[in-house]
Structures are given as C-alpha cells and as structure tokens.
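The lines below spell out each chain.
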Amino acid sequence: MLRLPAFEFRPVRSVEDAAALLSEYGSDALPVAGGTDLYANMKLGLFTPRVVVGLRSITELRRMHFDPAHGLRLGALCSLDSIARDPAVLLHYPALATAAAMVGTPEIRSMGTIGGNLCLETRCTYYNQSADWRKALGYCLKRDGDLCRVALHSQIGKAINASDTAPVMQAYDARISLVGPHGARVVAARDFFSNDGAHATVRQSDEILAEIVLPPPPRGARSSYRKLRLRNAFDFPLLGVAVAVATNEAGACTQARVLLGAVGSAPIEVEGAGALLLGSHFAAATLADAAEEVFRAGKPLENANASLLYRKRMLRVLAQRALEDVAAPLR
Amino acid sequence: MSAAPSKMLATLNVNGRDVTLAFLPHATLLEVLREELRLTGTKHGCELGQCGACTVLVDGAPVLSCLTLAAETIDRPITSVEGIAVADALHPVQRAFLDLGAAQCGYCTPGFIVAAVHLLERTTSPSEAEIREALAGHLCRCTGYTKIVEAVALAGQRMRATAHG
Ligand SMILES: Cc1cc2nc3c(=O)[nH]c(=O)nc-3n(C[C@H](O)[C@H](O)[C@H](O)COP(=O)(O)OP(=O)(O)OC[C@H]3O[C@@H](n4cnc5c(N)ncnc54)[C@H](O)[C@@H]3O)c2cc1C
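Residues numbered from 1 in each chain as written. Chains lettered and ligands numbered in written order. Predicted model: local features only at pLDDT ≥ 70, side-chain atom pairs only at ≥ 80, totals over all residues. Heavy atoms only, no water.

### A short note on the site of the ligand
Point 1. Not every one of the 35 residues close to the ligand is listed here, only the nearest: Pro-31, Thr-36, Leu-38, Thr-113 and Asn-117 of chain A.
Point 2. Residues lining the ligand come from chains A and B.
Point 3. Between an oxygen atom of the ligand and a side-chain N or O atom of Thr-36 of chain A, the distance comes to 2.6 Å.
Point 4. Here Leu-38 of chain A contributes a backbone N or O atom positioned 2.7 Å from an oxygen atom of the ligand.
Point 5. Surface burial for the ligand is 97%, taken as the share of its 970 Å² of free accessible area covered by protein chains.
Point 6. Split into classes, the residues belonging to the shell around the ligand amount to 18 nonpolar, 11 polar and six charged. (Near = heavy atom within 4 Å. Polar contact = N/O pair within 3.5 Å; in protein donor to acceptor, adjacent residues only side chain to side chain. Areas by Shrake-Rupley, 256 points an atom, 1.4 Å probe, with all protein chains shown as cover. Nonpolar A, V, L, I, M, F, W, Y, C, P; charged D, E, K, R; others polar.)

Below, the structure is given as structure tokens:
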C-alpha cells in the first residue's frame, strides 16, 4: 500500500484555533480541508508535515449565501459539488458552477472544497511523480532540488496552476479573505495567485483561507468557462478559459475579462482580448479578433500531458467557444 | 524527528455497527477497513484518488477511502460494499451486476457498486448520461463499461417496479 507519512492530526473547530496551531508549528504544519490534493501529494512524498490541522469541523466555513446587493459569499469549506448544484450560483455565476462541476470526479467534488481548489498546489510533469521517479531524475526546485526542470535557467518554479475555479474567480473579480494569528486581510483574486510556481498563492503559512466573496453580477452579466482535458470523464485542465462580461441597455459590452487557467503558474488575464470586446456588440468578427488575441498572448508552460503546440492552438478554439457562449443570447 | 506517533482509540460506525478500535492518527479509512477490520471488499487500486476502487459511503456520500483519514470519520456512518446487501438479500445493483455479467475480474466492482447505489438512492430512473457521470471516477480495465452501465439501469428499473408493485 501507498501510505501517508506519519503525522500528528489536530482537528480544530474555529478559524482562530487553526491559525494559532499553524503559527505555533510554523513550517512543520499544514492545513487540510478535503485532503484530495494534500494527501495525494503527501503519499508521493511531496509534503511531510509533522502536524496536519484538520479544518473540516469549522462549521461556519460551510456557509454559502447570495443576495443581490452584496453578491455571493462562499465559506472556504463549501464542497465543489454543493457549489455546482446551487441554484443561485447556476443562475448568477454560471462559469463558477461549470468550473466546479468539471473538477475531478463526483467523489472528488463531494470531498473537495472551494478553499482547497483555490489553494491547489501547482502541478508539473516533473513534480507530481513518485519519490523514486523524482530521485532517479535528480529532483526539482519545488521539492528537494535546486533547479526547475521546465526551464533550467529559471530562478523561479515553472509549475502550472491547474485549478479550474481559479481563473473563474479572477474573471468575477472575487475577494478572498485570509485569517492569520494577528487578524484578517482581504486579497483580490488577481493578487492571490503567485507567479512563482514554487508557491501556489500569496497565503502565508499561518493563514487560513476563510471566505470568498463574489461581487453582485453587474447589469447584463454573462459568463462562461471552457476546459480542455485529455479524458472527458475527468482530468486536470490542459487549458481553461473563463470569460465574464457585462452589457448596457443597448447590448454593448461595458466590462470584459478573459482569463486563462493551466497556462502559467497563476491564472493569466488577456487584457487585449477584453479591450477588443469593450464597446462592441459581440459581432462574429470581434469574437474572432479576441480569440486571435488569446492565441497570440497565451504562452502555455510546457509541462502538461499534451504537446505545447496542441495546447497553444487549442487556446484559440477554446476562447472562441467561451466568447460565443457569452455572445449568443445577446445577438 | 519526534517519537513515533501512538495509536488512538476511537469508535467508528461501520455498516450499522459501532466498533471501537485502535489506529494511527494518519491511517486512512482504507487501511483501517482492510487491515484492522478485515473488510477487504473495499479495494486498494491507485491509492491516489484516480481509480475509484476504494470508494465507500460516509454520511451517505461516496468518498475515496484512500484519501480520507479514519480519524475524520469518527461519529459518521460508514458503509462499505459489505454493508450494501440487506441480510442475505443482494442489493438490486449487485443482482443486476450478476445477471448481466457486469463484473469480470471484479477488482473495481465494489467501488462501482457503492457509487451506483448512491446514484439510485437519488433517482431510480437515471439517464445513461447520468449513470456515466456518476461512475466517471471509476476505472474498469475489463468490461469496457457497457455492461456496467446497463446493469445500473436495470437495477433502477427493478427498484422502480418493486416500489410500484
Ligand atoms: C483524481 C483527481 C483529479 C482531480 N482533478 C482536478 C481537476 O480536474 N481540477 C482541479 O482544479 N482539481 C482537481 N483535483 C485536485 C483537488 O481534488 C481539487 O482541487 C480540490 O478542490 C482540492 O480541495 P480539497 O479541499 O480536497 O483540498 P486539500 O487537499 O484539503 O488542500 C489543498 C491545498 O490547500 C490547502 N488548503 C485547503 N484548504 C485551505 C484553507 N481553507 N485555508 C488554507 N489552506 C487550505 C492545503 O494545505 C493544501 O495545500 C483532482 C484531484 C484528484 C485526486
């Protein structure tokens, strides 16, 4: 059997207790929510914490609440399955419902949480491997080694952020609240993910991701998430494209964000594509130009289970489809 | 390094019975079911969450026992494949798997059965797409899935007939 390395398990009932324990043990402790990412990584020897702080029983972090004035508040422990099925999410934030429904398998979605999905460890073909495999190759920057095998001269790790909901949260301009031993802070999704693949996020080791707040949907809001994966039954994304737009009474675009997932170490916004949509009425030619801009600007890191050329070309296809999703009902 | 962690004593509710036993705090539910309770119906496959062979129900929902700590299942009802049949009567899903030959080597079968039972608890008339989606996390290297999907549909049909008859 592939077993977990030994650790002390410390379940907690409040965010404050969790932050206090994490602060007490420093780098020797890690928090766990659903465990679907952390325990798999621990079995591969990627993490060997002395203490694991169990967040599961912090019931206040399971709350989900929508109101039109304040938007959607999601406790970090909401399961992906509960988000994918929630009527308010389906109606007002459909790209989030789609992304949550496309994470892993039904089992993974009922165990896995939104907080864990946003803190998902970055992934790489040289990293998500058994201890023997990594030893044979000589390890990498992210664990036990000192160079990045994707880019040998890079000072930072080039693993990818393969979270399905990360680009969507950024497209919706979500706010993420982190609670540490000395209080709380709120970080915009666009500042939450770290560009250094060695660290997935800017969360400090003693902070807990407590809540995510999505602003109320703007007037004429439309959004979509499209995902490319090797197997449609389930798989991590080879690419993800999230699009969120708003429109005025005349149907013209007043706000547009186009985000790419699984392309870089953090979700990547293609500002040029958003700029092309602004003021437009989503004419076919505009969508094609915006998709072309995604193709031009998107530079996938070469570390997923598909060729770089294929992923690069599929960027245009996926972007085109996501743009058509938001445009269709408006034309 | 600190001293080797010691076992904890706890009560788990497995297949309707409370059992008090000792296990390591970092033991997975899969390890405790198979190695402490000798309930070897639950299989270990990839042990990384990718194959579904170790699926059991916790609080009525399917979970991967290879990625769940036993310590996190205290006070929550656990159903393994051994708890699916009622007394000596096979569950309609098990019956249909037998009748249609939906198991070949059988290694993945317990995981499929548990996931299928969960699906049919929510609806006894799932579409083929719903069946395939509910079983998406389960790998079978023998059957090609067709017989499995048919067996789940048949089980649902029989459950509907019994409910109405
Ligand atoms: C077979 C398989 C397929 C998968 N497919 C996908 C996929 O298609 N798309 C995808 O996005 N993911 C996928 N995953 C990864 C993972 O299952 C999901 O991302 C899931 O949402 C992780 O949530 P969790 O609660 O289980 O996280 P955990 O494993 O509990 O935690 C993940 C990380 O986040 C930290 N963490 C968790 N919660 C908090 C918190 N509240 N505050 C601070 N830190 C926290 C943990 O310390 C850990 O580093 C897959 C996993 C498996 C095993």
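### Regarding the pairing of strand β3 (residues 55–58) of chain B
Residue and element names in this part refer to chain B.
Point 1. Both faces of β3 are covered, namely the face carrying Thr-55 and Leu-57 and the face carrying Val-56 and Val-58.
Point 2. The pairing of β3 with strand β4 (residues 61–64) spans four bridges and is antiparallel. Opposite Val-58, over in β4, you have Ala-61 as the bridge partner.
Point 3. Hairpin remark: β3 followed by β4, antiparallel, with two residues in the connecting loop; positive phi at Asp-59, about 55 degrees. (Buried < 20%, exposed > 50% of the residue type's maximum accessible area, 1.4 Å probe, protein only. Helix = DSSP H or I, 4+ residues; strand = E, 2+ residues; numbered from the N terminus. Pairing = 2+ DSSP bridges.)

### Some words on empty space enclosed by the protein
Point 1. This model, assessed by the stated rule, comprises two cavities of 30 Å³ or more.
Point 2. Taken as a whole, the largest cavity holds about 70 Å³ of empty space.
Point 3. Surrounding the largest cavity, Cys-124, Tyr-126, Cys-140, Leu-141, Lys-142, Cys-148, Arg-149, Val-150, Gly-157, Lys-158 and Ala-159 of chain A form its lining.
Point 4. What the second largest cavity holds in volume is close to 30 Å³.
Point 5. Around the second largest cavity sit Ala-102, Ala-103, Gln-104, Cys-105, Gly-106, Cys-108, Thr-109, Cys-140, Cys-142, Thr-143 and Ile-148 of chain B, which together line it.
Point 6. When grouped by side-chain class, the residues that make up the lining of the second largest cavity number seven nonpolar, four polar and no charged. (1 Å grid on protein atoms, 1.4 Å probe; cavity = no way out; pocket = protein on both sides within 12 Å on 5 of 7 lines; lining within 4 Å. Points joined across faces, edges and corners; volume = space filled by probe spheres on them.)

### Quick notes on the confidence of the model for chain B
Point 1. This prediction gives chain B a mean pLDDT of 95; 97% of its residues lie at or above 70.
Point 2. Reported for the predicted complex are a pTM of 0.96 and an ipTM of 0.95. (pLDDT = per-residue confidence, 0-100.)

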